[in-house]
Amino acid sequence: MSVIILDAGNSIIKAKIANGEIAFPHAIQPLTEGEYQKIISRASINGNSADYIRVNGKPYVIGESAERHGVFAQRSGAARYTRDYYGILAIAALARLYERGREVAIFGSHAPGDVKYREDLMKSVVGEWTVEIGMRKTSFSVIYANTFDEPVGGLMNVLLTEDGQHYQHASVGEGRSLVIDVGGFTTDWLAVNPGGVVDYGLAKSISIGINQVISDFEESFRTNHVELVKDIPVLPPERIRKAIATGMFEGGGKKYPCGEYVDEATSLFLNKFADTYQRIAGGALAWDTIILTGGGSALLRQKLLPILKHEKVLLADQLNSLHLANVRGGLKLWRLYDALKLL
């Protein structure tokens, strides 16, 4: 049975199968039939853009094109784990990874604080789905679904080999580890005991994330470049993410130094992060290893290290692919469960 590992984060949607992986912005907008037909009929689109999709007869724009389409209401909590929201995002990811229809299982991650919604997550994807992208029409049957905590994916990406059955970094499993996943709306904290056993006594989701940093950066940038942005309703989020990571905003063929705006935008997040690190995680001395995972950790890594004050901080993947660590580790976890006959 084919399986797709899905991390529908609040900033970026990530998904992985055995021989491929994708990432696209978390943005979804229903379209009218007229809007959909007008868009897909354009020669420049040529009927093949994966952002414009019809699922079970209803048209949507998803991903980067949806960000440009206009203001959209991103759902959170129980409201996101529905067939017409999480289900659509999951099937859109499926259609990008598989050109042909098939029976498939979905192994979806969630923030530790969303564990109470895991049944809703699974119900939102199981069933029959028909997908149209341009001239391509495909059918998927999701016959099984299960879930895992997002930070566990990052942990397993460090801990396990590709087959999910051997240790990759045995030293991590010998001590007590703290996994930190900086996401869009939440920062997740997970404790791991020796042997790689998750300690759910410390499995917390705190309401601080990279989306607020992006919003605060845009406000600072606009305040200091009024004439430049007065006719631009929304700055491109992908350019803001790059600016936060590099300290340089690129647009209109120019580069704008923005280090001070990044400092302003991250100050509130970092203060809350530092408070949580001491209050909930107990600071550096409680841990043998700290593992950073998630796209937010990649963007803010250099600002997080002085707060962590730890000599053994590992990234769950390469810096430029840290946002994919949870789905890569999720596939390793799936293979481990499969070998142990736990699925």
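Per-chain numbering applies: the sequence of each chain, read as written, is numbered from 1 onward. This being a predicted model, a pLDDT of at least 70 is required before a residue's local features are given, and a value of 80 or more before pairs of side-chain atoms are given or counted; all residues contribute to the totals for chains, interfaces and linings. Side-chain numbers come from the whole structure's heavy atoms, not from hydrogens or water.

### Considering the packing of helix H3 (residues 86-97) against helix H4 (residues 118-125)
Phase 1: Contact pair H3 / H4: the axes reach a minimum separation of 8 Å and the direction vectors enclose 55°. Taken together, the axes of H3 and H4 are oblique relative to one another. Judged by the twist between their axes, the crossing of H3 over H4 is right-handed. Of the residues in H4, those touching H3 at Tyr-86, Gly-87 and Ala-90 are Leu-121, Ser-124 and Val-125. Angles run from 0 to 180 degrees between N-to-C directions of axes, and those axes are lines fitted to C-alpha atoms, restricted for helices to the stretch in contact. Secondary structure elements are taken from DSSP: a helix is a run of H or I of four residues or more, a strand is a run of E of two residues or more, and numbering for both begins at the N terminus. Here roughly perpendicular refers to angles of 65 to 115 degrees, roughly parallel to angles under 35, roughly antiparallel to angles over 145, and oblique to all remaining angles. Crossing handedness follows the turn of the near helix against the far one: under a right angle anticlockwise gives a left-handed crossing, and clockwise gives a right-handed one. We call two residues in contact when some of their heavy atoms are within 4.5 Å.

### Some thoughts on the packing of aromatic side chains
Phase 1: Between rings of Phe, Tyr and Trp, where Trp is taken as its six-membered ring, a pair exists when centres lie within 6.5 Å; planes separated by under 30 degrees are stacked, by over 60 edge-to-face, and by other angles tilted. Evaluated as defined, the whole model comprises 14 aromatic pairs.
Phase 2: Pairing Phe-221 with Phe-249 gives two aromatic rings, centres 4.6 Å apart and planes at 40°, and the pair type is tilted. One end of the pair, Phe-221, is in helix H7 (residues 210-224); the other, Phe-249, is in strand S13 (residues 248-251), and 28 residues separate them in sequence. The exposure classification of Phe-221 matches that of Phe-249, with both residues buried.
Phase 3: Taken together, the ring pairs connect Phe-107, Tyr-144, Phe-148, Trp-334 and Tyr-337 into an aromatic cluster.
Phase 4: The rule for a charge over a ring is simple: NZ of Lys or CZ of Arg within 6 Å of the ring centre, and within 35 degrees of the ring normal. The lysine or arginine in question, Arg-96, covers the ring of Phe-24, its NZ or CZ lying 4.0 Å from the ring centre. Throughout this description, buried means an accessible area under 20% of the type-specific maximum (1.4 Å probe, protein chains only), exposed means over 50%, and partly exposed covers the range between.

### Focus on the packing of helix H5 (residues 150-159) against helix H12 (residues 325-339)
Phase 1: Orientation of H5 relative to H12, taken along the N-to-C sense of each, is 75°, at an axis distance of 7 Å. On the basis of their axis angle, the class for H5 and H12 is roughly perpendicular. Within the contact between the two elements, H5 uses Glu-150, Val-152, Gly-153, Gly-154, Met-156 and Asn-157 and H12 uses Ala-325, Asn-326, Arg-328, Gly-329, Gly-330, Lys-332 and Leu-333.
Phase 2: Along the lines of polarity and charge, the residues of the contact of H5 with H12 split into four nonpolar, six polar and three charged. Nonpolar residues are Ala, Val, Leu, Ile, Met, Phe, Trp, Tyr, Cys and Pro. Charged residues are Asp, Glu, Lys and Arg, and all others, Gly as well, are polar.

### Some points on the side chain of Arg-54
Phase 1: In this fold, Arg-54 is placed in strand S5 (residues 52-55).
Phase 2: Classification of Arg-54 as buried rests on a relative accessible area of 10%.
Phase 3: Under this definition, polar contacts are N or O atom pairs within 3.5 Å; protein pairs additionally need one hydrogen-donor-capable and one acceptor-capable atom, and for neighbouring residues in sequence, both atoms have to be side-chain atoms. A polar side-chain atom of Arg-54 sits 3.4 Å from the main-chain carbonyl oxygen of Gly-57.
Phase 4: With residues near it in sequence (within four places) discarded, Arg-54 still touches Glu-33, Tyr-36, Gln-37, Pro-59, Thr-130, Val-131 and Glu-132.

### Observations regarding the sheet that holds strand S11 (residues 187-193)
Two modes of strand pairing occur in sheets, parallel and antiparallel, and in both the strands are linked by backbone hydrogen bonds.
Phase 1: DSSP-based pairing: two strands are paired if at least 2 bridges between them are found. What the five strands build is an open sheet, ordered S12-S11-S10-S15-S16; its pairing is mixed. With partners counted over all chains shown, the strands left at the sheet margins are strand S12 (197-206) and strand S16 (313-315), one partner each. Shown here is a sheet whose adjacent strand axes are inclined to one another by a mean of 20°, direction ignored.
Phase 2: The sheet contact formed by strand S15 (residues 289-293) and S16 spans three bridges and is parallel. Looking at S16, one finds that Ile-291 is bridged to Leu-314.
Phase 3: Sitting on the sheet, helix H10 (residues 259-279) is in contact with strand S10 (177-182), S11, S12 and S15, with an inclination near 25° to S11.

### Concerning the pairing of S11
Phase 1: Extensive coverage of S11 is indicated by the burial of six of its seven residues.
Phase 2: Inspection of the sheet shows S10 paired to S11 by six bridges, in the antiparallel sense. By the bridge assignment, Leu-178 is partnered in S11 with Ala-191.
Phase 3: Of the strand pairs in this sheet, S11 and S12 are connected by seven bridges, and their pairing is antiparallel. Looking at S12, one finds that Leu-190 is bridged to Ala-203.
Phase 4: Hairpin connection of S11 to S12: three residues between the antiparallel strands, including Gly-195 at a positive phi of 90°.

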